[in-house]
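Overview (structure and organization)
Take a look at the letters that make up each chain.
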Amino acid sequence: MKFFTFGSKDIGIDLGTANILVTLKGKGIVLKEPSVVAIDRKSGNIMATGNEAKEMLGRTPEQIKAVRPLKDGVIADFTATQLMLKNIIGKVEKRYSIGRPRVVVGVPSGITEVEERAVEESVMQAGAKEVYLIEEPMAAAIGASLDVAEPSVDIGGGTTEVAVISLGGIVLSHSLRVAGDELDEDIVNYVKREMNLAIGETTAEQIKIQIGCAMPLMTDIEIEVRGRDLTDGLPRNVKIKSSQVEEAIRESISKIVDIVKSTLEKTPPELSSDIMQKGIVLAGGGALIKNLDKLLSIETGMPVYIADEPLDCVVRGTGKTLEDLERLKTVLINARKRR
Ligand code: ADP
Ligand code: MG
């Protein structure tokens, strides 16, 4: 129990499908962890969140299940999401004594009103004084300091969000449930099919991050990975090349390219010339896939560049929103709808 709070410290949260980040006003990013929760099956108690819980994914004892509550781009598991939010805010409270903060949360743009309320309630229950929701593409655009009418493509774990932002709001946006997770699955399937080897999602993610590419690299690179032979069940090492990964993820990558192109085609003509000049900004972890910027540039005929620290764009945007809450209130979902 606390008797004194010396002024609240406001926080911004990026509730991503792969990573949850927290920024504290005046301090910057203070927490960055995978969006994973480990739950005791019997009691329903939360055993761990973040890094600790991620290590349990796929190899948890039967008693404990590790879940990614936002895996499919929206809130797939309400209770786990609430527990995770409380736990994360609790961690920040412990380290920084934030008291009763105002909180801005970046949420997927496809979120339903029921989900909005679930997020609001859990943040309130975790001790917030006020909570505001902001669509992730909006936050990403603010975080990347975009000008008016610049399109952004945010490729996260569960979804790819393509948006064109204008003063005070999203002009148009599209969300596609193909992003980093899907690429990992593609790699799992490719290795199974072509090499008769079973690998886990974590290994697939490592392959993607290290050698994955959207277009062939100048020089092909290769790494060795370990899996389980599908015929005899024994562990075996194989070498995999970036050109093979390119082939494995090609179809998903082309879906991402297609959604970017179709969003641009729907852009109002009065914004089109602006957009052609400024180009497209890539955010989210998927922005780092090698040569994706190049491929998108060829396919759209427009300049494409990667935001600084693409994984931090959304949370930086929530932070900037906090600093300028009065002016930016119009872009907040619940402020717009309910106040
Ligand atoms: P979310 O907003 O959904 O939480 P993030 O923006 O944090 O997602 O991005 C997470 C995704 O980015 C994961 O699928 C992860 O594997 C991928 N990722 C992270 N770093 C890289 C990299 N260097 N190259 C390719 N993919 C990456
Ligand atoms: Mg994100």
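You'll find the structure just up there.
Numbering of residues begins from 1 in every chain and follows the order in which that chain's sequence is written. Chains and ligands are labelled sequentially in the order written, the chains with letters from A and the ligands with numbers from 1. Two thresholds apply to this predicted model, a pLDDT of at least 70 for residue-level local features and 80 or more for giving and counting side-chain atom pairs, whereas whole-chain, interface and lining totals are computed over all residues. The basis for the side-chain values is all heavy atoms of the structure; hydrogens and waters are excluded.

Quick word on the site of ligand 1
We call a residue near a given molecule or strand whenever any one of its heavy atoms falls within 4 Å of it. In the neighbourhood of ligand 1, 16 residues make up the surrounding shell, with T17, A18, N19, E205 and K208 lying closest. A 3.5 Å cut-off defines polar contacts: any pair of N or O atoms within that distance qualifies, except that in protein one atom must be a possible hydrogen donor and the other a possible acceptor, and neighbouring residues in sequence count only when both atoms are side-chain atoms. The contact in question runs from an oxygen atom of ligand 1 to an N or O atom on the backbone of A18, over 2.7 Å. The separation between an oxygen atom of ligand 1 and a polar side-chain atom of N19 is 2.7 Å. Shrake-Rupley sampling with a 1.4 Å probe provides the accessible areas, and residues are treated as covered by the protein chains on show and by no other component. Isolated, ligand 1 exposes 590 Å² of accessible area, and the fraction of that covered by the protein chains is 89%. Secondary structure elements are defined from DSSP: runs of H or I of at least 4 residues count as helices, runs of E of at least 2 residues count as strands, and each element is numbered from the N terminus. Ranked by residues supplied to the shell around ligand 1, first place goes to helix α6 (residues 201-211) with three residues.

Details of the nonpolar core
With 43 residues, the main nonpolar core has I187, I199, I207, I240, I253, V260 and I280 as its most contacted residues. No other element matches helix α7 (residues 242-265), which puts eight residues into this core. Contacts are assigned to residue pairs with any non-hydrogen atoms lying within 4.5 Å of each other. Discounting chain neighbours no more than four positions away, the residues touching I187 are I199, A204, I207, K208, V245 and I249. Put simply, a nonpolar core is a bunch of buried Ala, Val, Leu, Ile, Met, Phe, Trp, Tyr and Cys residues held in one set by side-chain atoms that sit within 4.5 Å of each other. Each residue's exposure class comes from its accessible area (1.4 Å probe, protein chains only) as a fraction of the maximum for that residue type: buried when under 20%, exposed when over 50%, partly exposed otherwise. L15, V30, V67 and L85 belong to the second largest nonpolar core, which has 30 residues in total.

Digging into the pattern of salt bridges
Here the idea is simple: oppositely charged side chains can pair when their charged atoms come close. Take a side-chain nitrogen of Lys or Arg and a carboxyl oxygen of Asp or Glu: if they are within 4 Å of each other, that pair is a salt bridge. The full count for this structure, using the stated rule, is 12 salt bridges. The salt bridge partner of R236 is D229, with a shortest N-O separation of 2.7 Å. Given a relative accessible area of 27%, R236 falls into the partly exposed group. A salt bridge links E299 to K261; its shortest N-O distance comes to 2.9 Å. One end of the pair, E299, is in helix α9 (residues 292-300); the other, K261, is in helix α7, and 38 residues separate them in sequence. Assessed through its relative accessible area of 28%, K261 is described here as partly exposed.

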